[in-house]
Each structure stands twice: as structure tokens, then as C-alpha cells.
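Structural overview for review
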Amino acid sequence: MTVDRILPTDEAHDLLDLATELADRELAPRAAGFEERAEFPREVLRTLGRAGLLGLPYPEEYGGAAQPYEVYLQVLEILASRWLAVAEAVSVHTLSCYPLAQYGSDEQRKLLPDMIGGELLGAYCLSEPQGGSDAAALTTKAVRDGDAYVVTGTKAWITHARVADFYNIFCRTGGPGPKGISCLLADRATPGIHPQAAERTMGLHASPVAQIAFDGARVPADRLLGGEGAGFTIAMSALDSGRLGIAACAVGLAQAALDYAVGYAKERQQFGRAIIDFQGLGFTLADHATQISAARALMLAAARLRDAGRPYSIEAAKAKLFATDVAMRVTTDAVQVLGGAGYVSDHPVERYMREAKVLQIVEGTNQIQRLVISRALAKG
């Protein structure tokens, strides 16, 4: 299905055309094979980086494209409609560049061009085995020792853990609570950083997720971002943007599932007619099309607030919540539309359904999004 989009500039139209071309050529033909082999498509990320699609929201002086966030999200949506693992990788990498781009010093930002260009891939190390939703309770410690911080602890559910070139490490440099948290930018080769075996996940098999153990890793003190105690603020600010990225991934995945289900329903004949002509099924698809459009509109409305420099965290939570719930609903029903055929890997909808589930969990579970929204309502 062709999505009718209103974009702010001709350049934005060109970027979406480029994203569509690359997604059709580099992503769609490879997705099933890489997912089956559980192989991370590192070269695909480099290709996207060299095409300028990994630095869309970042300043031109650092190699970015200085595009509005609403343009970046629509590019992400296109990528997700062809291969979610790649779109999620782009979203995580963009999130991983954020702390340095937003809070780094001029000297630290000299690292940005290679990061934004995709030559260096990032990971965002916030969650821990005993602390996911309660990020302020993290226990990974960083103790100042001369010209370095010595980091000890374990991070969990880290996308790109085994393939990243740099890590944003959220760690405790002070007392309990959010004010004791700082953010360090560490190189992959730092002694004492030990990515563990990849998790055996339900979906996104091409996206490596693992724990990372920090065993006295010495991170230079000049890699502290934003000063001691700024880590929690950095983390929450980054997650507002990251939630919109996940919403875009969800919209793209849901659109792919709907398009496939519609195509199948138009071809599949039962009782002498195409099954899409039966109202029970046709109305379900109509509801899905409406819900996807609503999710896209909610996502873009939040992005436009961000682009305008206005508060958008509550709208980002709404967009993430709604879009990922829609993706779960649409992908599950797409399997049902295909019937038995939907349950086998000859068709991609069973993979879409398995992939959709994680989107309700990452960047803050949907229960956390409801908590964020309800608290805002309580405050008036």
C-alpha cells in the first residue's frame, strides 16, 4: 500500500525515495535468510550509513543531515516495513549517538562523524538484570581512579552487545537515586568489558541481544558525558526520542503485515469468491488500516512537537503505547487471515507476529507508558 505523506521539503521527499529504494534492494531480499541464520547484517548498516540514513536528525557539522525528526521517523517506518531488525538497529544506533550529540563537549563530539556515518555502531547500556523499568535503581558502579573511572557491574538486554563499537554506560558514581547516576562513553576494546552469549529471543533473530559484564573496566575520565550526576537526565531524555523510534518501527511492521494480509485475502478464494469480500474479514482489515493511520498520525504529532522545541515526552509515550499495541494486534490478525498458511515460515506474517511482541517491551514497557501518561493526567 502506498502511504500518502505530507513532507516539509523536496529534500525530505528525496530521502524517503532513497530509503524506499535501499529498503527494497538491500533489506527485503535478505531479511528471511538473515533471520533464519540469526546473522547480524553489519554491512547493511554501513550501506545505510554511507547513504546518510543513520545521521538524519543530527547536525550537518558532524556529518548528519539536519532533518526534522518527523522525516527521520518516516524513513525508519519504511525500513521497518521491509526488515524490522534493521530498523530497530537504526533506532538503537540513533539513540546511542544522542548522549554525545546532546550532552558532549566540543572535544568529545569529534567522535560523532564516524558514529553518525555508521562506521562505528553503538549500544545503549541502561537496563540491568534486576532493574529494567526502575532505571533509577541501577547498581553498576563507576569509581574515579586517577584519570579514569573503574566500572563494575552487569547490564542486560543490550541490543548490539556483541557487535557494537562503542557503549553508553549508565552507572552509579554517587549515592542512591537518580542524582547518583552518570553516563560514560566507552570503546568496545576497553579491557574489562565482556559481552556475554546472545539471548535466544522469540523474534528479531538477526539482532544480537546480550548481557554485558563490566569487570573493572577503565574508562577514561574525559569520556564522562554531561558531568557527574547527569546520567539519569540523559537517559530519560534519550528515551523520549527512542520511544518515537520504536513507534515508527511498530507502524512500519504493522503496515507490512496489513499489506501482506490484504494481498493474500484478494487472491485466496473460498466459496467462490475472494475472502476479502467477506465482511467479517474485510471489516477487520479496514479497522487495521484505520488504526495504523491513527498510530502514524500520533507518532508524527509527537515528532512535530519535538521539532518545534516543545515538551513531547507524554505524546511520545502515547505514540509508543498505541503504535506497538496496534502492531501486535495487526500482526496477530494477519496470521489469522492466512489461516494455516500464516502459521508456517513460507509466509512472513508469523515472523512479524513474533517481532511485534518485543516492541511492547523495549524503550519502556507499555505498562510504564501508561504509568507515565496517568501520572501526567493526575498532575493536570
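In this text the structure is predicted, and so the values were computed from the model without any measurement. (Residues numbered from 1 in each chain as written. Predicted model: local features only at pLDDT ≥ 70, side-chain atom pairs only at ≥ 80, totals over all residues. Heavy atoms only, no water.)

1. Overview of the overall build of the protein
Rule in force here: For helices the rule is a DSSP run of H or I covering at least 4 residues; for strands it is a run of E covering at least 2, with both sets numbered from the N terminus onward. In this treatment the radius of gyration is a C-alpha quantity, and the globule benchmark scales as 2.2 Å times the residue count to the 0.38 power. Burial classification: accessible surface area is computed with a 1.4 Å probe over protein chains only, and a residue below 20% of its type maximum counts as buried, one above 50% as exposed, and the rest as partly exposed. Computed with the Shrake-Rupley method and a 1.4 Å probe, the accessible areas treat only the protein chains shown as cover for residues. When charges are counted, neither His nor the chain ends are considered; positive counts come from Lys and Arg and negative counts from Asp and Glu. Every charge is mapped onto a representative atom, which is NZ of Lys, CZ of Arg, CG of Asp or CD of Glu.
Per the secondary structure count, the protein includes 11 helices and 10 strands. The globule rule puts the C-alpha radius of gyration for 380 residues at 21 Å, and the 21 Å found for the protein is close to it. Considering only C-alpha atoms, the protein reaches an extent of 80 × 45 × 40 Å along its principal axes. Counting over 380 residues, the protein shows a buried share of 53%. Here the protein has roughly 16500 Å² of accessible surface; of this, 52% comes from carbon and sulfur atoms. Of note, the protein has its 37 positive side-chain charges centred 6 Å away from the centre of its 44 negative side-chain charges.

2. Details of the pattern of salt bridges
Here is the rule: By convention in these notes, a salt bridge is any Lys or Arg side-chain nitrogen within 4 Å of a carboxyl oxygen on Asp or Glu.
Following the criterion strictly, the structure yields 22 salt bridges and no others. Arg-25 is the partner of Glu-21 in a salt bridge, and the nearest nitrogen-oxygen pair spans 3.1 Å. Taken as a pair, Glu-21 and Arg-25 lie in helix α1 (residues 10-27) at a separation of four residues, close to a single helical turn. For Arg-25, a relative accessible area of 44% gives the class partly exposed. Among the salt bridges present, the one from Asp-106 reaches Arg-109, with a minimum N-O distance of 3.8 Å. Judged by relative accessible area, which is 61%, Asp-106 ranks as exposed.

3. Some details on the UniProt feature "domain: Acyl-CoA dehydrogenase/oxidase C-terminal" (unreviewed entry) in the protein
Rules: UniProt positions are given in the numbering used here, feature names are shortened, and annotations may be inferred rather than shown by experiment.
Here the UniProt feature "domain: Acyl-CoA dehydrogenase/oxidase C-terminal" (unreviewed entry) sits at residues 229-377. Span residues 229-377 is 77% helix and 3% strand, its end C-alpha atoms 29 Å apart.

4. Comments concerning the UniProt feature "domain: Acyl-CoA dehydrogenase/oxidase N-terminal" (unreviewed entry) in the protein
UniProt's feature table lists "domain: Acyl-CoA dehydrogenase/oxidase N-terminal" (unreviewed entry) at residues 9-119, given in the numbering used throughout. Secondary structure within residues 9-119 divides into 66% helix and 0% strand; the distance between the first and last C-alpha atoms comes to 28 Å.

5. Quick look at the packing of α1 against helix α4 (residues 69-82)
Put simply, the test is: Under this scheme, a helix contributes an axis fitted over its contacting stretch, all axes are lines through C-alpha atoms, and angles between N-to-C directions fall in the 0 to 180 degree range. Convention used here: angles under 35 degrees read as roughly parallel, angles over 145 as roughly antiparallel, angles from 65 to 115 as roughly perpendicular, and any remaining angle as oblique. Crossing handedness follows the turn of the near helix against the far one: under a right angle anticlockwise gives a left-handed crossing, and clockwise gives a right-handed one. Residues are treated as being in contact if the distance between any of their heavy atoms lies within 4.5 Å. Nonpolar residues are Ala, Val, Leu, Ile, Met, Phe, Trp, Tyr, Cys and Pro. Charged residues are Asp, Glu, Lys and Arg, and all others, Gly as well, are polar.
Two elements in contact, α1 and α4, have axes whose closest approach is 9 Å; the angle formed by their N-to-C orientations is 20 degrees. Overall, the two elements α1 and α4 adopt an arrangement that is roughly parallel. The handedness of the crossing between α1 and α4 comes out as right-handed. Along the contact surface, α1 presents Ala-12, Leu-15, Leu-16, Ala-19, Thr-20, Ala-23, Asp-24 and Leu-27, while α4 presents Val-71, Gln-74, Val-75, Ile-78, Leu-79 and Arg-82. Residues of the contact of α1 with α4, tallied by class, amount to 10 nonpolar, two polar and two charged.

6. Comments concerning the packing of aromatic side chains
Stated formally: Ring pairs are drawn from Phe, Tyr and Trp, using the six-membered ring of Trp, whenever the two centres fall within 6.5 Å, and their geometry is named by plane angle: stacked under 30 degrees, edge-to-face over 60, tilted for the rest. Lysine NZ or arginine CZ positioned within 6 Å of the ring centre and within 35 degrees of the ring normal marks a charge as sitting over the ring.
Within the structure shown, the criterion is met by five aromatic pairs. Considering the side-chain rings of Tyr-98 and Tyr-103, the 6.4 Å spacing of their centres and the 65 degrees angle between planes classify their relative orientation as edge-to-face. Tyr-98 sits in the buried class, given a relative accessible area of 9%. One residue, Arg-273, lies across the ring of Phe-278, its end atom 4.4 Å from the ring centre.

7. Notes on α1
Formally: Here the expected span of a helix is defined as 1.5 Å times the quantity of residues minus one. Along the arc lie the directions from the helix axis toward the C-beta atoms.
Between its terminal C-alpha atoms α1 stretches 25 Å, which fits the 26 Å expected from 18 residues at 1.5 Å a residue. Buried residues of α1: Ala-12, Leu-15, Leu-16, Ala-19, Leu-22, Ala-23, Glu-26 and Leu-27, and no others. Along α1, the residues classed as buried sweep out an arc of 130 degrees about the axis, all on the same side. Along α1, exposed side chains directed more than 90 degrees from the buried face belong to Asp-10, Asp-14 and Asp-17. Contacts made by the buried residues of α1 are with α2 (31-37), α3 (42-50), α4 and α5 (84-103).

8. What to know about the side chain of Glu-128
This is how the line gets drawn: Polar contact is the term for a pair of N or O atoms within 3.5 Å; when the atoms are in protein, one must be able to donate a hydrogen and the other to accept it, and sequence-neighboring residues count only if both atoms are side-chain atoms.
Along the chain, Glu-128 turns up in the loop between β1 (122-125) and β2 (141-145). With relative accessibility at 5%, the residue Glu-128 sits in the buried group. A distance of 2.8 Å separates a polar side-chain atom of Glu-128 from the backbone nitrogen of Thr-139. Once residues lying within four places of it in the same chain are set aside, the contact partners of Glu-128 are Leu-138, Thr-139, Thr-140, Thr-154, Lys-155 and Ala-156.

9. Describing the layout of surface pockets
Gaps left between atoms are located by rolling a probe of water-molecule size over the structure's atoms. For the record, the criterion: A pocket here means an open set of points on a 1 Å grid, computed over the protein atoms alone, that has protein on both sides within 12 Å along at least five of seven lines. A cavity is instead a set of points where a 1.4 Å probe fits but cannot get out; residues with an atom within 4 Å of a point line either one. Grid points are joined across faces, edges and corners, and a volume is the space filled by probe spheres set on the points.
Taken as a whole, the largest pocket spans an internal volume of roughly 1400 Å³. Taken together, 47 residues form the lining of the largest pocket, with Ser-127, Ile-361, Val-362, Glu-363 and Gly-364 sitting closest to its centre. Counting only elements with at least two residues in the lining of the largest pocket, the list comes to α5, β3 (148-159), α7 (231-267), α9 (313-338), α10 (349-359) and α11 (366-379). The class makeup of the residues in the lining of the largest pocket is 24 nonpolar, 10 polar and 13 charged.

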